[in-house]
Amino acid sequence: MNNRSVSKKVLASALAALTIAASNVALAARDHISIVGSSTVYPFTTVVAERFSRSTQFKTPVVESTGTGGGMKLFCQGVGENTADITGASRRIKQSELDMCHDNGVDVVEVQIGYDGIVIANAKSDQRFELSRKDLFLALAKDVPNPDGSETVVPNPYKTWKDVNPTLPAHKIEVLGPPPTSGTRDAFAELAMEGGCQQFGWVKAKEKADSHTYKAICHNLREDGAYVEAGENDNLIVNKLVANPNALGIFGFSFLDQNADKVQGSLIEGKAPTFDSIADQSYPVSRPLFIYVKKAHVDVVPGIKQFLAEFTSERAWGEDGYLADKGMIPLQDSKRQQVAGDVRKLNALTNLAAK
């Protein structure tokens, strides 16, 4: 190797070290934790942030509700003062998002914090709906299997819930729900829509044979006004349901729990969305909740380790913890112990097959 090559390598190493040092100095100048992400996880991170600031000398973390997808984009931009330390997610990180993080030098620590159920709710002034995932798919899919029985799809022709299922009310189909950037939207498509879509054998067969067509049929929602994107503010959906008793809304269980005097959750395949049915996974539309932590920031931004210790303490996420009072469904005892151990070790997530 000639002297010029050696000099280039030394220079590159020195520049990399300077970049990391400059990044750490900038981070050290920030005296609070920055948290973005899911609107569903937002109430839980907010209450942990408040408890954390009251019981320690650290400043209250700044928590923003950006949606799961939006939070991932902000979180994975890189390391440094202008990037988030933690993001909340109402679904697991996607491989494409993890790749984006890695491409930008971000090592990710995954923390599953609990469970949540996706509720399909309406105003208590109207009758409670009893739905199946097949009903939800036929009511909300952009294209549905042809009613003539042929193995083709047609633009969704159904106007009322009674058109979908004769046992349902003759209400016009109007469902208020989250936008594409929301983890709730992703989870609803995967758990509810796809669960109903698979009731049609010929569509289910396409999952392996033609995955692109399968996903287009099972995941794409109507754009003709039957499904209304209501933004990331689930409290706004609750208020709109009260104003329009014929409409249904899609949001996380915690918002049902907090507004039980105004709205009611539909039965899905005979199961009501309750604390117990979500905890034992018998409610068909339930999902895990996560926060993701930027490993490079942990020893630089003041308080991150202590914040994680608070979040994974029994007083917070335990069966009788204050997060359960807010509507989060706790992990099983053994799972909490495992996750808490991983958090203490700050094990980085290398790929989605790793857990």
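Predicted model, so just to flag it, every value in this text is computed and none were measured. (Residues numbered from 1 in each chain as written. Predicted model: local features only at pLDDT ≥ 70, side-chain atom pairs only at ≥ 80, totals over all residues. Heavy atoms only, no water.)

(A) Summary view of the packing of helix 7 (residues 183–197) against helix 10 (residues 211–219). In contact at an axis separation of 8 Å, helix 7 and helix 10 are set at 105° when each is read in the N-to-C sense. Classified by the interaxial angle, the pair formed by helix 7 and helix 10 is roughly perpendicular. Where helix 7 approaches helix 10, its residues Ala189, Glu190, Met193, Glu194 and Cys197 are matched on the opposing element by Tyr214, Ile217, Cys218 and His219. Class assignment of the residues belonging to the contact of helix 7 with helix 10 gives a composition of six nonpolar, one polar and two charged. (Axes fitted to C-alpha atoms, helices over the stretch in contact; angles between N-to-C directions. Helix = DSSP H or I, 4+ residues; strand = E, 2+ residues; numbered from the N terminus. Parallel < 35°, antiparallel > 145°, perpendicular 65-115°, else oblique. Contact = heavy atoms within 4.5 Å. Nonpolar A, V, L, I, M, F, W, Y, C, P; charged D, E, K, R; others polar.)

(B) Layout of the pattern of salt bridges. Going through the model one piece at a time under the given rule, you end up with 15 salt bridges. Across the salt bridge formed by lysine 59 and aspartate 31, the nearest N and O atoms sit 2.9 Å from each other. Of this pair, lysine 59 sits in the loop between helix 2 (42–55) and strand 2 (62–63) while aspartate 31 sits in the loop between helix 1 (3–29) and strand 1 (34–37); the two residues are 28 residues apart in sequence, bridging distant segments of the chain. Residues aspartate 186 and lysine 94 are paired through a salt bridge, measuring 3.8 Å at the closest nitrogen-oxygen approach. Of the two residues, aspartate 186 is situated in helix 7 and lysine 94 in the loop between strand 3 (86–89) and helix 4 (95–103); the sequence distance between them amounts to 92 residues. (Salt bridge = Lys/Arg side-chain N within 4 Å of Asp/Glu carboxyl O.)

(C) Spatial organisation of the state of the cysteines. Scanning the entire structure with this criterion turns up two disulfides. Here cysteine 76 is linked by a disulfide to cysteine 101, with a sulfur-sulfur distance of 2.0 Å. Residues cysteine 76 and cysteine 101 are joined by a disulfide whose S-S torsion is about -70°; by sign, that bridge is left-handed. Of the two residues, cysteine 76 sits in the loop between helix 3 (68–75) and strand 3 while cysteine 101 sits in helix 4, which places them 25 residues apart along the sequence. Each member of the pair cysteine 76 and cysteine 101 is classed as buried. There is a disulfide in this structure between cysteine 197 and cysteine 218, and the S-S distance comes to 2.0 Å. Because the sign of the S-S torsion sets the handedness, a value of about -60° for the bond joining cysteine 197 and cysteine 218 places this disulfide among the left-handed ones. Of this pair, cysteine 197 sits in helix 7 while cysteine 218 sits in helix 10, and the two are 21 residues apart along the sequence. Like cysteine 218, cysteine 197 is buried. Here the disulfide map of the protein chain reads 1-2, 3-4, the bonded cysteines being numbered as they appear in the sequence. (Disulfide = S-S within 2.5 Å. Buried < 20%, exposed > 50% of the residue type's maximum accessible area, 1.4 Å probe, protein only.)

(D) Representation of the packing of aromatic side chains. Using the criterion set out here, one finds six aromatic pairs in the structure. Taking 5.7 Å as the distance between ring centres and 5° as the angle between the ring planes, the aromatic pair formed by phenylalanine 52 and phenylalanine 58 counts as stacked. Judged on exposure class, the residue phenylalanine 52 and its partner phenylalanine 58 are both buried. Centroid distance phenylalanine 290 to tyrosine 292: 5.7 Å. Interplanar angle 25°. Geometry classified as stacked. Pairwise contacts between aromatic rings join Phe52, Phe58, Phe307 and Phe311 into one cluster. For arginine 51, the ring lying beneath its charged end belongs to tyrosine 322, and the centroid distance is 4.1 Å. (Phe/Tyr/Trp six-rings, centres within 6.5 Å; stacked < 30°, edge-to-face > 60°. Lys NZ or Arg CZ within 6 Å of the ring centre and 35° of its normal.)

(E) Structural view of the nonpolar core. Judged by nonpolar contacts, the single largest core of 86 residues is most densely connected at Leu140, Trp161, Phe251 and Leu323. The dominant element in this core, judged by the number of residues it contributes, is strand 4 (residues 108–123), at eight residues. Look past the residues within four positions of phenylalanine 251 in its chain and what remains in contact with it is Gly117, Ile118, Val119, Ala121, Thr184, Asp234, Ile237, Val238, Leu241, Leu256 and Val263. (Core = buried A, V, L, I, M, F, W, Y, C linked by side-chain atoms within 4.5 Å.)

(F) Broad picture of helix 11 (residues 234–243). Listed as buried for helix 11 are Asp234, Ile237, Val238 and Leu241. Buried positions in helix 11, seen along its axis, are confined to an arc of 100° and lie on one side of it. On its buried face, helix 11 is in contact with strand 4, strand 8 (175–177), strand 10 (248–252), helix 12 (253–258) and strand 11 (263–265). (Arc of directions from axis to C-beta.)

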